[in-house]
Amino acid sequence: MKIFVTNEKLDNWVREVAALCGPDAIHWCDGSKQEYDRLMAQMVESGAATPLRRRPNSFLFRSDPSDVARTEERTFIATPSKEEAGPTNNWIAPDELKRTMTGLSRGCMAGRTLYVIPFSMGPIGSPIAKIGVQITDSPYVVCNMHIMTRMGTRVMEALGPHGDFIPCLHSVGAPLAKGQKDLSWPCAPMEKKYVSHFPQENLIWSYGSGYGGNALLGKKCLALRIASAMARREGWMAEHMLITRLTSPAGRRYHIAAAFPSACGKTNLAMLLPTIPGWKTECIGEDIAWMKIGPDGRLRAINPESGFFGVAPGTSHKSNPMAMESVKQNVIFTNCALTDDGDIWWEGMEGAPPAHAIDWLGRDWSPGRKEPAAHPNARFTTPAAQCPVICGDWEKPEGVPIDIFIFGGRRSSVVPLVTEAFDWDHGVFLGATAASETTAAVIGKVGVLRRDPFAMTPFCGYNMADYFSHWFDMGDKLGGKAPRIFYVNWFRKSPEGKWLWPGFGENSRVLKWMCERLEGRAGAKKTPIGYLPGEGDLDLTGLDLPAENICELLKFDREAWKAEVPDIERFFGQFGDRLPERLKRQQRGLAERLEKDV
Ligand code: GTP
Ligand code: SPV
Ligand code: MN
């Protein structure tokens, strides 16, 4: 079906792509429920989707074992020079990458339908929002985009005949010969997967993967890699951050934006239920924040997405009740286990595991088997509006004013539960030196410590050193209206490997301390690494936690921190002269304080 409104640039691009990729048919998505239902019915019919008897309008998909998470090794930033991409990105020259992508794309949609998805990142018409158009040959991707973005006819209307958009071309990279039967999860082998970005011309071109951020191109490709490059050029920010509103018993509102690496707790923190009486949180976003300085000089944030693409394992009514309430209906589950009564299951869901299930590979599974039933990066795709604590202002076009930035990561040792930065520059240093143990959200080894500045290592579309400079520039522009900066670590472990901190809803105690610091009401002790809560500064009322745990969690360990310095130095060293002088000053400052300060 051809939509009413046409756009010249879009018409030309679709024609060009169709000629290259050779699909059997072209479908312009209108974004309607009928369209979603029809595509889902086709996928049930083909065996790609399993309807879930226990959850209305919900479906389970199982991916190919080679296609279970983002593939950072196969993600490329094509800037004219290698230096513009920087040492933390995989660089290929734009001409060469275009040639490769063109070669792969020739005839790649044979036997398939080409879907055109006009989508808006951000509420349609918001001054912070942007329009993209994804072309894909995956109906699974179309259905996910229905949930994750605003899409279809209303976006075409906003685009108009002469509006500009970000082209996002996607193929699963599995053309079908005449009469060849399709697989339930078509994709290309690893060495043929390419997630390519051309930041200079705002173009995304992804081939060979159907999973998550590799395939839902509005998310990491557009809203972070391309948007971060645009944001730097235009003076705003595109960050891997949740956005949440915290309201104190006195009714004072605080808006918090927090950056943690993949699978390190953004979805959980975004919608936590505080365990301390009188405090309330409301979710605005759980993965990405776009922020612009508003007319009042404060930083205003919107969530560019309209759905949650959340990590399933570990999600339970105990750990994240609001996520569990959000996935009762209208959900796409990927790589979860299927129970005999037609429901999904994953490790870490409360209650006894099912006596029998079908695992994410489609095999029989029963408790006691070594491999998990759900893939560790199994996900749910669900509409944000279904979250019981979604904020009434989550779609406000002008966004919400940010009071607090939080950085963090997964560190089983060294890094305390919470640290407050001395000032903006020190906060940027905390963000720039963030480090975390790797998770199953990315293909590769799990549990390896790596520096992941601002949780943006895989998502920054340009040289990370220039990104650091951009943070300093934004701080200068914001001046006294800049958010206060904190660093957290929910993931400290005992020598026996047990969590020292209960986490989840109890993290509200740490958030409360931050808010009270803003008001000048909570105490802190000054240490060489920043301000830490002193004894009695954190509200621990009603928390049953051994005193030694608290002591360990809030300890400043001078020797352990001294050991961090050479690693920070090495990490910064790779940026050469591009590293901002202000960061070097911070690094020297830390080293000096560790030598002499008390
Ligand atoms: P992406 O969607 O990949 O960007 O991940 P995310 O940052 O949103 O992570 P998410 O909130 O989905 O959490 C990932 C995993 O960490 C889940 O298994 C959670 O149960 C676990 N987790 C989240 N918060 C905490 C916490 O406070 N303590 C502990 N121990 N685990 C947590
Ligand atoms: C992440 O890995 O940070 C995610 C999941 O949020 S994905 O969309 O696959 O990037
Ligand atoms: Mn993420």
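Up top is the structure these notes are about.
These lines cover the structure that appears in this document, whether it is placed above or below. (Residues numbered from 1 in each chain as written. Chains lettered and ligands numbered in written order. Predicted model: local features only at pLDDT ≥ 70, side-chain atom pairs only at ≥ 80, totals over all residues. Heavy atoms only, no water.)

Some remarks on the sheet that holds strand β11 (residues 237–239)
Taking strand neighbours across the sheet as the criterion, the four strands line up as β11-β15-β16-β24 in an open arrangement whose pairing is antiparallel. Two strands close off the open sheet at either side, each with one partner strand: β11 and β24 (400–401). Bridging between strand β16 (residues 299–302) and β24 involves two bridges; their strand directions are antiparallel. Following the sheet pairing, A301 is matched in β24 by V400. Contacting β11 and β15 (289–293), helix α8 (residues 218–234) crosses the sheet at an angle of about 155° to β11. Lying on the sheet, helix α12 (residues 464–478) is in contact with β11, β15 and β16; it crosses β11 at an angle near 125°. (Pairing = 2+ DSSP bridges. Helix = DSSP H or I, 4+ residues; strand = E, 2+ residues; numbered from the N terminus. Contact = heavy atoms within 4.5 Å. Axes fitted to C-alpha atoms, helices over the stretch in contact; angles between N-to-C directions.)

Section: the coordination of the manganese ion (ligand 3)
Taken together, the protein ligands of the manganese ion (ligand 3) are K220 (NZ), H240 (NE2) and D287 (OD), with distances of 2.2 to 2.4 Å. Around the manganese ion (ligand 3) sit six donor atoms; with metal-centred angles ranging over 66 to 174°, the donor geometry is irregular. On the primary sequence, the residues serving as donors to the manganese ion (ligand 3) are separated as K-x19-H-x46-D. In this pair, K220 is assigned in helix α8 and H240 in the loop between β11 and β12 (242–247), connecting sequence segments 20 residues apart. With a relative accessible area of 5%, K220 lands in the buried category. Assessed through its relative accessible area of 1%, H240 is described here as buried. (Donors = N, O, S within 2.8 Å, 3.2 Å for Na, K, Ca; no water. Tetrahedral: all angles 85-135°; square planar, octahedral: opposite > 155°, others 65-115°. Buried < 20%, exposed > 50% of the residue type's maximum accessible area, 1.4 Å probe, protein only.)

Observations regarding the site of ligand 1
Lining the immediate surroundings of ligand 1 are 22 residues, of which A263, K266, T267, N268 and R379 lie closest. One nitrogen or oxygen atom from the main chain of C264 is found 3.3 Å from an oxygen atom belonging to ligand 1. Between an oxygen atom of ligand 1 and a side-chain N or O atom of R410, the distance comes to 3.2 Å. Relative to its unbound accessible area of 660 Å², ligand 1 is 93% covered by the protein chains. (Near = heavy atom within 4 Å. Polar contact = N/O pair within 3.5 Å; in protein donor to acceptor, adjacent residues only side chain to side chain. Areas by Shrake-Rupley, 256 points an atom, 1.4 Å probe, with all protein chains shown as cover.)

Some words on the pattern of salt bridges
One side chain can pair with another of opposite charge once the charged atoms of both are near each other. All told, the structure shown has 43 salt bridges when counted by the stated rule. Here K130 makes a salt bridge to E234, at a shortest N to O gap of 3.6 Å. On the criterion of sequence distance, the pair formed by K130 in strand β6 (residues 130–136) and E234 in helix α8 is long-range, its members being 104 residues apart. Given a relative accessible area of 18%, K130 falls into the buried group. (Salt bridge = Lys/Arg side-chain N within 4 Å of Asp/Glu carboxyl O.)

Let's talk about empty space enclosed by the protein
Tallying each qualifying case throughout the model produces three cavities of 30 Å³ or more. Its boundaries defined by the atoms lining it, the largest cavity holds a volume of some 180 Å³. Lining the largest cavity are 16 residues, and of these V415, L430, T433, Y487 and W561 sit closest to its centre. Going through the elements one at a time, α11 (424–432) and α15 (558–573) are the ones with two or more residues in the lining of the largest cavity. For the lining of the largest cavity, a count of residues per class yields 10 nonpolar, three polar and three charged. (1 Å grid on protein atoms, 1.4 Å probe; cavity = no way out; pocket = protein on both sides within 12 Å on 5 of 7 lines; lining within 4 Å. Points joined across faces, edges and corners; volume = space filled by probe spheres on them. Nonpolar A, V, L, I, M, F, W, Y, C, P; charged D, E, K, R; others polar.)

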